[in-house]
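Breakdown of the fold
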Amino acid sequence: MMKKKSIPASKPSLMLFLCQIVSALDVPLDSKLLEELSQPPTITQQSPKDYIVDPRENIVIQCEAKGKPPPSFSWTRNGTHFDIDKDAQVTMKPNSGTLVINIMNGGKAEAYEGVYQCTARNERGAAISNNIVIRPSRSPLWTKEKLEPNHVREGDSLVLHCRPPVGLPPPIIFWMDNAFQRLPQSERVSQGLNGDLYFSNVQPEDTREDYICYARFNHTQTIQQKQPISVKVVSMDSLNDTIAANLSDTDIYGAKPVTERQPVLLTPTGSTSTKVELRGNVLLLECIAAGLPTPVIRWTKEGGELPANRTFFENFKKTLKIIDVSEADSGNYKCTARNVLGSVHHVISVTVKAAPYWITAPRNLVLSPGEDGTLICRANGNPKPSISWLANGVPIAIAPEDPSRKVDGDTIIFSHVQERSSAVYQCNASNEYGYLLANAFVNVLAEPPRILTPANKLYQVIADSPALLDCAYFGSPKPEIEWFKGAKGSILRGNEYIFHDNGTLEIPVAQKDSTGTYTCVARNELGKIQNEVHLEIKDPTMIIKQPEYTVVQRYSQVSFECIIKHDSTLLPTVVWLKDNDELPDDERFLVGKDNLTIMNVTDKDDGTYTCVVNTTLDSVSASAVLTVVAAPPTPAIIYARPNPPFDLELTGQLERSIDLSWTPGDENNSPITNFVIEYEDGLHEPGVWHYQTEVPGTQTTVQLKLSPYVNYSFRVIAVNKIGRSQPSEPSQQYLTKSANPDENPANVQGIGSEPDNLVITWESLTGFQSNGPGLQYKVSWRQKDVDDEWTSVIVANVSKYIVSGTPTFVPYEIKVQALNDLGYAPEPSEVIGHSGEDLPMVAPGNVQVHVINSTLAKVHWDPVPLKTVRGHLQGYKVYYWKVQSLSRRSRRHVEKKILTFRGNKTFGMLPGLEPYSSYKLNVRVVNGKGEGPASPDKVFKTPEGVPSSPSFLKITNPTLDSLTLEWGSPTHPNGVLTSYILKFQPINNTHELGPLVEIRIPANESTLILKNLNYSTRYKFYFNAQTSVGSGSQITEEAVTIMDEAMASRQVDIATQGWFIGLMCAVALLILILLIVCFIRRNKGGKYPVKEKEDAHADPEIQPMKEDDGTFGEYSDAEDHKPLKKGSRTPSDRTVKKEDSDDSLVDYGEGVNGQFNEDGSFIGQYSGKKEKEPAEGNESSEAPSPVNAMNSFV
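Counting restarts for each chain: residues are numbered from 1 in the order of the written sequence. In view of the model being predicted, local features appear only for residues whose pLDDT reaches at least 70, and side-chain atom pairs are presented and counted only at 80 or more, with totals across whole chains, interfaces and linings using the full set of residues. Heavy atoms from the whole structure form the basis of all side-chain values; hydrogens and water molecules are not counted.

Further remarks concern the overall build of the protein chain. The numbering of helices and of strands both runs from the N terminus, where a helix is a DSSP run of H or I of at least 4 residues and a strand a run of E of at least 2. When you go through the protein chain residue by residue, the secondary structure sums to seven helices and 86 strands. Counting all 1194 residues of the protein chain, 43% fall into the buried class. Only heavy atoms enter the contact rule, under which two residues are in contact if any of them lie within 4.5 Å. Sequence separation of at least 24 residues holds for 66% of the intrachain contacts in the protein chain that already meet a minimum separation of 6. Here the protein chain has roughly 61900 Å² of accessible surface; of this, 51% comes from carbon and sulfur atoms. Residue exposure (1.4 Å probe, protein chains only): buried if accessible area is under 20% of the type maximum, exposed if over 50%, otherwise partly exposed. The accessible surface values rely on the Shrake-Rupley method and a 1.4 Å probe; as for residues, cover is taken only from the protein chains in view.

A few words on the environment of Asn130. Mapped onto the elements of the fold, Asn130 is located in the loop between strand 11 (125–128) and strand 12 (132–136). Overall, the relative accessible area of 12% leaves Asn130 in the buried class. C-alpha of Asn130 to C-alpha of Asn428: the two residues are 298 residues apart in sequence and 9.8 Å apart in space. Sequence-distant contacts of Asn130, that is, excluding residues within four places in its chain, are made with Gln46, Lys49, Tyr116, Gln117, Tyr435 and Leu437.

For the bond from Thr267 to Pro268, the omega torsion is -5°, close enough to zero to count as cis. Locating Pro268 in the fold gives a position in the loop between strand 21 (261–267) and strand 22 (272–278). With an omega of 5°, the peptide bond running from Ser476 to Pro477 counts as cis. Residue placement: Pro477 occurs in the loop between strand 42 (473–476) and strand 43 (480–485). At Asn668, a residue that is not glycine, the phi angle is positive and equals roughly 60°.

On to the pattern of salt bridges. Salt bridges are defined as contacts in which a side-chain nitrogen from Lys or Arg sits within 4 Å of a carboxyl oxygen from Asp or Glu. For the coordinates displayed, the defined rule picks out 36 salt bridges. One salt bridge in this structure joins Asp156 and Arg153, with 3.8 Å as the shortest N-O distance. Among the residues examined, Asp156 registers a relative accessible area of 24% and is labelled partly exposed. Here Arg208 and Asp210 are joined by a salt bridge, their closest N and O atoms 2.7 Å apart.

What follows deals with the state of the cysteines. Disulfide assignment relies on a single distance test, namely cysteine sulfur atoms paired within 2.5 Å. In total, this model carries six disulfides according to the counting rule given. Across the disulfide from Cys287 sits Cys335; the S-S distance is 1.8 Å. On the S-S bond that ties Cys287 to Cys335, the torsion sits near -65°, and the link is left-handed. One end of the pair, Cys287, is in the loop between strand 23 (283–286) and strand 24 (288–292); the other, Cys335, is in strand 28 (residues 331–339), and 48 residues separate them in sequence.

What follows deals with the confidence of the model for the protein chain. With 84% of its residues at a pLDDT of 70 or more, the protein chain has an overall mean of 84. pLDDT runs from 0 to 100 and stands for how confident the predictor is about each residue. A low-confidence stretch, residues 248–255 stays under pLDDT 50, and its non-local contacts, those more than four residues away or across chains, total 10 contacts.

Moving on: the packing of aromatic side chains. The geometry of two aromatic rings is summed up by the distance between their centres and the angle between their planes. Side-chain rings of Phe, Tyr and Trp (the six-membered ring for Trp) are treated as a pair once their centres are within 6.5 Å; stacked means planes under 30 degrees apart, edge-to-face means over 60, and tilted covers the remaining angles. Under the counting rule described, the total for this entry stands at 21 aromatic pairs. Among the aromatic residues, ring-to-ring pairing joins Tyr679, Tyr712, Phe714 and Phe768 into one connected group. Counting as a charge over the ring demands two things of the Lys NZ or Arg CZ atom: a distance within 6 Å of the ring centre and an angle within 35 degrees of the ring normal. Lying over the aromatic face of Tyr211, Arg208 brings its terminal NZ or CZ to 5.7 Å of the ring centre. One Lys or Arg, Lys858, reaches over the ring of Phe907 and ends 4.8 Å from the middle of that ring.

Right, let's get into the nonpolar core. Ranked by size, the top nonpolar core spans 32 residues in total, and within it Ile59, Ile61, Trp75, Ile101, Tyr116 and Ile134 carry the most contacts. Among the secondary structure elements, those contributing two or more residues to this core are strand 3 (50–53), strand 4 (59–61), strand 5 (63–68), strand 6 (72–77), strand 9 (99–101), strand 10 (114–122) and strand 12. Among all residues touching Ile61, those that are not within four sequence positions of it are Ser47, Tyr51, Trp75, Gly97, Thr98, Leu99, Ile101, Tyr116, Ile132 and Ile134. In these notes, a set of buried Ala, Val, Leu, Ile, Met, Phe, Trp, Tyr and Cys residues joined through side-chain atoms within 4.5 Å is what counts as a nonpolar core. If you look at the next biggest cluster of nonpolar residues, it comprises 20 residues, including Val461, Cys471, Ala510 and Ile537.

Moving on, we get to the environment of Tyr51. In this fold, Tyr51 is placed in strand 3. Separated by 86 residues in sequence, Tyr51 and Ser137 have C-alpha atoms that sit 9.5 Å apart. Tyr51 has contacts with Val60, Ile61, Ile132, Val133, Ile134 and Arg135, leaving out every residue within four places of it along the chain. Here a polar contact is recorded for every N or O atom pair within 3.5 Å, except that within protein the pair must consist of a potential hydrogen donor and a potential acceptor, and residues adjacent in sequence are included only if both atoms are side-chain atoms. At a separation of 2.9 Å, a polar atom in the side chain of Tyr51 contacts the main-chain carbonyl oxygen of Val60.

It is worth spelling out a nonpolar patch on the surface at this point. Each patch is assembled from residues with relative accessible area greater than 30% and no salt bridge, linking like charges that lie within 9 Å and nonpolar side chains (Val, Leu, Ile, Met, Phe, Trp, Tyr) that lie within 5 Å. A contiguous nonpolar surface patch, about 660 Å² in accessible area, is contributed by Leu1069, Leu1072, Ile1073, Ile1076, Val1077, Phe1079 and Ile1080. Relative to the helices and strands, Leu1072 resides in helix 6 (residues 1058–1083).

Let us look at the pairing of strand 65 (residues 746–751). Bridge analysis of strand 65 against strand 66 (residues 757–763) gives four bridges, and the strand direction is antiparallel. Pairing of Ile751 across the sheet is with Val759, part of strand 66. Only strands that DSSP links by at least two bridges are regarded as paired with each other.

On the basis of which strands lie adjacent, the open sheet formed by three strands has the order 50-55-54 and antiparallel pairing. Single-partner strands in this sheet number two, and they are strand 50 (558–561) and strand 54 (589–591). Across this sheet, the average inter-strand angle for adjacent strands is 15°, counted without regard to direction. Looking at chain direction, strand 54 and strand 55 (residues 595–598) are connected through three bridges and run antiparallel. Looking at strand 55, one finds that Val591 is bridged to Leu596. Note on geometry: axes are lines fitted to C-alpha atoms, helical ones only across the stretch in contact, with angles between N-to-C directions running from 0 to 180 degrees.

Here we take up the sheet that holds strand 63 (residues 711–719). Spatially, 61-60-63-64 is the arrangement adopted by the four strands of the open sheet, whose pairing is antiparallel. Taken across any chain shown, the strands that pair with only one partner, and hence form the sheet edges, are strand 61 (685–696) and strand 64 (734–735). Sheet analysis places strand 60 (residues 674–681) next to strand 63, joined by eight bridges and oriented antiparallel. Its bridge partner lying in strand 63, Tyr679 is registered against Phe714.

In structure tokens:
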């Protein structure tokens, strides 16, 4: 009875071209067969669903498909037919559906945004692509904003907001300083996922004025930067020093040291939050906490463990990263921030949803007429996706009816198909998070049988092994397969054969009589075909004498035998292994035809030695163990270098070879490992010995290769483990005959030194390489693509030749050939050189300047034609210089600056410009000779910036109620000054700062008299200049109004009276008693009236230090000359924020603009108003754009 079965997985080599039939035909992957069969279209390549394109480059929307006959292509855009013939900017590639939208020649990418779909159609059906959404990438500029300096007390937390512009795709955020160095990050300072920079607690070293947030848009290779942010950290030590310097000896005051704080979460806020992520994506959860000491973050999952091998911690464990998330990763994730003072936690509820994903995607069906089949489309997702079918791109409900087709949900059932049933079906699985679209064709074919196995294929098998004879076939309907043996043999049947479904005939145990010719016959109702293959049975390979177990003494010799018997038609190879690995690379191991010999055995030679015999059909092996034992004790051995070899003899002299033999000297108890042979060329380099070759220490003769025209002498050096012997005596000399040179000069080059010449150089051959007397060189050249004939000269043994009268900078083909008295060397290879360069002829044209901000401009130019460069284009140089400042109209010494842009670049950035100035520039092209002519000077102007600080501020003529101020205009106005801003405030006896008064002064003024001031009062002044762009940096000064002389005199007179002294003593005693009473009440928890009044009517401008929050409002004369109190800050709209103070002067009926002196007098000459404290430094709204420095980050 015949057996049928499939080929087991253990024999993958037999799967080639095998055709298994399950519920439909499989078409074997035979290229010739595929070219002949009709086939519906199949989409082979398409653009991604969400396709973000560079708006500066042409848009290429890919759609490739195969089919027989080749398919035609059409497109829809936003659901309607897209007629590409009516749009001159759109073309379709030949024999392809790929669209090319020409943006670089006038098209706008925004005009082609939309949803595109490709259809590939032939007579057997239509396949469709995914919906391809085209969107141009966007990299918008940062919105300009005025950033106030951040004054932060040491130990407090801080968040610097980045708020990058919304781009497509979103930008990559990073923070750097003005030197374009990455800001260091740690457990204390780190960047959040939103790009903000978080400080868990600030330290004095965090003070700097150049915290800059950068947004990198990778798609357009651009980088945008935010304006620099200034941070000033006020340390407790410096604050105490400042306060102490302004207090009298009797004052007692001190800022509290930095207090430790328990953790508080900066992000996320609250105790819980939610997060939705899609299956297969990366889940990122973040917790950043404030606190002192810096908190440590720990992550856990409630009711479970974090997934192993997919969980990573980033950003100093502040970010939990889980890759390839699935629905099982849903749950509550808890982050805990902890330090020595306590902890805080936040729970993030994670829900994992899923876009549709395939469980069973539909597969192509190849059926024969009358057969049945099914298309199955099964997908999963969260929520569960809906399944819809299309036929040839049309919803199946409105597609032409096919009586053989029945739709049952996610399955289409085909019954008794006919050739007209061929079509392409589309399955769409979609939910709210996405969709899947798959094309699968039904191809109904009626094909006569074909046999794909090559005719007369020869199979060789070892006797008693299985033999597998292939008969790969195809046909529709499926053919029946029969096997015959011999020319007139009958059909094969019986248990000695196995017939596989793929047509293969298996002989389980092949014998010698199985040898012969076998015929495979395939037939169906459309025809019949047959094919012959041949089988040969070979004798197995055997080891008839195997290696045996051996015990040897150290430093002796051992041999293993391995004698084999094999089929005469097979060529065996023998390999020896030690411990199943290659033999050591050691000359002591000698492999013979039938044995392995080990010389001078050592302990490390212990092991198992295996003889492996391989043929093309089989492999056998045999092993034996070697045991090395210690040799009997021997007298102490003295080891030394070997003695030099002697009796050198030259024999077998030929033109290019000679035999050298020698007698080894004494080994001196250390075996000779190798011999080194050296030679002397007595004709060209007498007395100089060169390395020739080396041979193993067991060899005493060698054949040496010789060069022509050399007078050889040889010597031999013996080497053992101790070292090298002295050289032997030289052999007799042997002069070889002359011959043509074997090689040509190396490193041939052609570089002109002048515009009208070509300097050809090369490396000369040595005398050893000359091969004969009369060494010369044939130098040949011709102008590339112009001259047909070579121009040649023969020069003496030099290394340079100059060709004069050449055109400027044209390519030449060059070759240099060696020759001597006997003839030429082989034909040399050609190299390309260039004649000399000359200065470029023309200047770059169309020079345009785009001023980006007050300190940065971008220059564009058109490249010069390459023919006019007259040399190797090295780049372009931009010369630019400041002509004058627009605010002063005064010229100065012109200092030209130069920027070089390498290569064929046509634009560049000009950094470091001065605001509100007139500049000129020109552009020149550069080659190896120098610079070309300059383009016409281009004039451009930079816009206004903020001014520098006034050059000086002096306060003179103090009186009882007035002071005179004098100042100098800014050294760098950077624009047209619009006004000066003067702010001042009194400092009372407790060193508290009084209300801040602001005065705007016309720009043409340089002095001011302030009246109605308090007598004997210290004032602090802040002074800066303004342009239309904003305020510049400020300078500060302090001054004191004088005391009334009569009053001072009266005070002195009274102080000398005895009654006054007694009265003062009584008052002091009364104050002492009151202090004791207050102290007792305070210890009992009571409040004294002054405290109650301060709590009830806290001045928003003067807030004393509070014990609960650690804020302070005392005056400080630190380097920045600014009030350090938090309470003195008010918004720019001159209103007091509720969070700054629960009370305000408005609540007590006092207008915001009203200010009162300590004596109750109203300052009415200037309308003083509370405003934000002036910022320190240059507050320019323009920030430098580090385009060139950013190239390393793009």
